[in-house]
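# Coordinate inspection notes
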Amino acid sequence: LGYLLMQVAFLKQRIINSALRELDITYMQFVILAGISELEVENEIVTQQTISTERRLDKAMVSNVVKTLIDKGLINRFTHPVDKRAYTLSLTAKGRKIAIQGKGIALKIDETFFASIDKDKFQQSLITLLKNDNNII
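The structure contained in this document is the topic of the report that follows. (Residues numbered from 1 in each chain as written. Predicted model: local features only at pLDDT ≥ 70, side-chain atom pairs only at ≥ 80, totals over all residues. Heavy atoms only, no water.)

### Some thoughts on the packing of helix α2 (residues 27-41) against helix α4 (residues 59-71)
Two numbers describe a pair of packed helices, the interaxial angle and the distance between the axes. Put simply, α2 and α4 touch, their axes get as near as 10 Å, and they point 90° apart. With respect to their mutual orientation, α2 and α4 come out roughly perpendicular. Across from M28, Q29, I32 and L33 in α2, the residues of α4 making contact are M61, V62, V65, V66, T68 and L69. (Axes fitted to C-alpha atoms, helices over the stretch in contact; angles between N-to-C directions. Helix = DSSP H or I, 4+ residues; strand = E, 2+ residues; numbered from the N terminus. Parallel < 35°, antiparallel > 145°, perpendicular 65-115°, else oblique. Contact = heavy atoms within 4.5 Å.)

As structure tokens, this is what we get:
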């Protein structure tokens, strides 16, 4: 089951990466853009740590992707107002536009990709599996 789950995740990632190519972003770049967008709406100060924790992503990988997104002009990074060791992240106007377009693409792909299964049951199963975080090893 674990191997199949990994294969399905890779398949979906390949499909989304292909579709996001028109926006010149990868799936992981989209995940971080969408995370910043959602957290900004909640009026949170968004940091790389926040994105890493909230999206369950590796800190080093988030750091590398953030650098790429800065170079592409999609996000800004500023020194945190309180913790001088941390950085806050915010979307640029271009980044916000790309995040919105990417969300539309991702939702369309999800609709097609999961059309043949009971999405509610599958979602509950995945949520149950995520509860195993830190409980297995």
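### A closer look at the nonpolar core
With 27 residues, the main nonpolar core has I25, I32, L33, I36, I51 and I75 as its most contacted residues. For this core, the elements supplying multiple residues, two or more each, are α1 (2-20), α2, α4, β2 (87-91) and α5 (93-113). With 7 residues, the top contributor of residues to this core is α2. With sequence-adjacent residues up to four places away left out, I75 is seen in contact with L33, I36, V66, L69, I70, L89, S90, L91 and T92. (Core = buried A, V, L, I, M, F, W, Y, C linked by side-chain atoms within 4.5 Å. Buried < 20%, exposed > 50% of the residue type's maximum accessible area, 1.4 Å probe, protein only.)

### Let's talk about the side chain of S52
Mapped onto the elements, S52 comes out in helix α3 (residues 48-54). Here S52 falls in the buried class, since its relative accessible area comes to 6%. A polar contact of 2.6 Å, which involves the side chain of S52, links it to the backbone oxygen of L57. In contact with S52, other than residues within four places in its own chain, are L57, D58, K59 and V62. (Polar contact = N/O pair within 3.5 Å; in protein donor to acceptor, adjacent residues only side chain to side chain.)

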